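Tertiary structure, described
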Amino acid sequence: EFSIAENLVLNNLDAYSSGGLLQLGRITQNAKERIEEFDIRSTSQAQPVGSLSGGNQQKVVLARELSRPLSLLLACQPTRGVDVGAIEFLHKRIVAERDRGTAVLIVSTELDEVESLADRIAVMYRGRIVGVVDSDTPRDVLGLMMAGATYDDALATVQEARNE
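An account of the accompanying structure is given in this report. Keep in mind the model is a prediction, meaning the values are calculated, not measured.

**Looking at unusual backbone geometry**
- Unusually for a residue other than glycine, Gln77 sits at a positive phi of about 50°.
- Following the sequence through the fold, Gln77 ends up in the loop between β3 (72-76) and α4 (84-99).
- The buried category is assigned to Gln77, whose relative accessible area is 17%.
- Positive phi values are uncommon outside glycine, yet Arg126 reaches one of about 50°.
- As for its placement among the helices and strands, Arg126 is situated in the loop between β5 (120-125) and β6 (128-134).

What follows is the structure, given as structure tokens:
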């Protein structure tokens, strides 16, 4: 099992090695900085990532990925199994990355999460995108789209139901 320090440099080993040897001091320093920056609750940077809570494991992954320049951040179920405090922290970091100009694609089954993070929502049904809508699209319209309706059909159904 990789330690926190090891896990934090897995995607960028070239930056933490010289002449084929790992620079352990730089790896340790990076871990200390990321642990503080991302509020990773651990006993030390040598602690195995697998022994951390789910929220802290997610923070390690996010810290690793956001510690280098990105053109795209793809996050699949970024807060699954995470406590409320960690969810808020992870959302803030994802939004901050978006605000830096990084394209962010969130894949989630959590509608609250999608609505709070998205500018646009691609709604899928049976593996196909049935529509791309603004994040302020009413939930009942999104629900009908998630059941296979097109945006226009879902909107018409919702409007008709509201008029009755």
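**Digging into the packing of aromatic side chains**
- Taken as a whole and judged by the stated rule, the model has one aromatic pair.
- The ring of Phe89 is capped by Lys59, whose NZ or CZ atom sits 5.2 Å from the centre of that ring.

**Quick word on the nonpolar core**
- In terms of nonpolar packing, the biggest core is built from 22 residues, with Ile4, Leu8, Phe38, Ile40, Leu52, Val60 and Leu66 touching the most fellow members.
- Those elements giving two or more residues to this core turn out to be α1 (4-7), α2 (24-37), α3 (54-66) and α4.
- No other element matches α3, which puts four residues into this core.
- Among residues more than four places away in sequence, those in contact with Phe38 are Lys59, Leu62, Ala63, Leu66, Phe89 and Arg93.
- Formed by eleven residues, the second largest nonpolar core is a distinct cluster that contains Ala118, Val133, Met145 and Val158.

**A look at the packing of helix α6 (residues 139-146) against helix α7 (residues 151-163)**
- Here α6 crosses α7 at 130°, and the two axes come no closer than 9 Å. If you check the angle between α6 and α7, you find them oblique. The two elements α6 and α7 cross, and the hand of that crossing is right-handed. Between α6, through Asp140, Val141, Leu144 and Met145, and α7, the contact on the second element is made entirely by Tyr151, Ala154, Leu155, Thr157, Val158 and Arg162.
- Of the residues assigned to the contact of α6 with α7, the class counts are seven nonpolar, one polar and two charged.

**A word on α2**
- Here α2 spans 20 Å end to end across 14 residues, near enough to the 20 Å set by a 1.5 Å rise per residue.
- Of all the positions in α2, only Ile27, Asn30, Ala31, Arg34 and Ile35 are classed as buried. Buried residues of α2, seen end-on, are gathered within an arc of 130° and therefore sit on one face of the element. Seen from the open side of α2, the exposed residues pointing more than 90 degrees away from its buried face are Gly25 and Glu36.
- Among the structural elements, α1, β2 (21-22) and α3 are those in contact with the buried residues of α2.
- Downstream of α2 by one or two residues, Asp39 has phi in the positive range, about 50°.

About the cut-offs
Per chain, residues are indexed from 1 in the order of the written sequence. Confidence filtering applies because this is a predicted model: local features only for residues at pLDDT of at least 70, side-chain atom pairs given and counted only at 80 or more, and all residues used for totals across whole chains, interfaces and linings. The basis for the side-chain values is all heavy atoms of the structure; hydrogens and waters are excluded. Numbering of helices and strands runs from the N terminus, with a helix taken as a DSSP run of H or I at least four residues long and a strand as a DSSP run of E at least two residues long. Whether a residue is buried, partly exposed or exposed follows from its accessible area with a 1.4 Å probe, protein chains only, as a fraction of its type maximum: under 20%, in between, or over 50%, in that order. For Phe, Tyr and Trp, where Trp contributes only its six-membered ring, two rings pair if their centres lie within 6.5 Å, and the inter-plane angle classes them as stacked under 30 degrees, edge-to-face over 60, or tilted in between. Charges are assigned to positions over rings by a cutoff of 6 Å between ring centre and Lys NZ or Arg CZ, combined with an angular limit of 35 degrees from the ring normal. Among buried residues, those of type Ala, Val, Leu, Ile, Met, Phe, Trp, Tyr and Cys that are joined through side-chain atoms within 4.5 Å constitute a nonpolar core. By definition in these notes, contact holds between two residues if any of their heavy atoms fall within 4.5 Å. Angles run from 0 to 180 degrees between N-to-C directions of axes, and those axes are lines fitted to C-alpha atoms, restricted for helices to the stretch in contact. Angles below 35 degrees are treated as roughly parallel, those above 145 as roughly antiparallel, those between 65 and 115 as roughly perpendicular, and all remaining angles as oblique. By convention, the crossing between two helices is left-handed when the near helix turns anticlockwise from the far helix through less than a right angle, and right-handed when the turn is clockwise. All residues other than Ala, Val, Leu, Ile, Met, Phe, Trp, Tyr, Cys, Pro, Asp, Glu, Lys and Arg, Gly among them, are scored as polar; the first ten of these are nonpolar and the last four charged. Here the expected length of a helix is defined as 1.5 Å per residue gap, with one fewer gap than residues. Starting at the helix axis, one direction is taken to each C-beta atom, and the arc is that of these directions.

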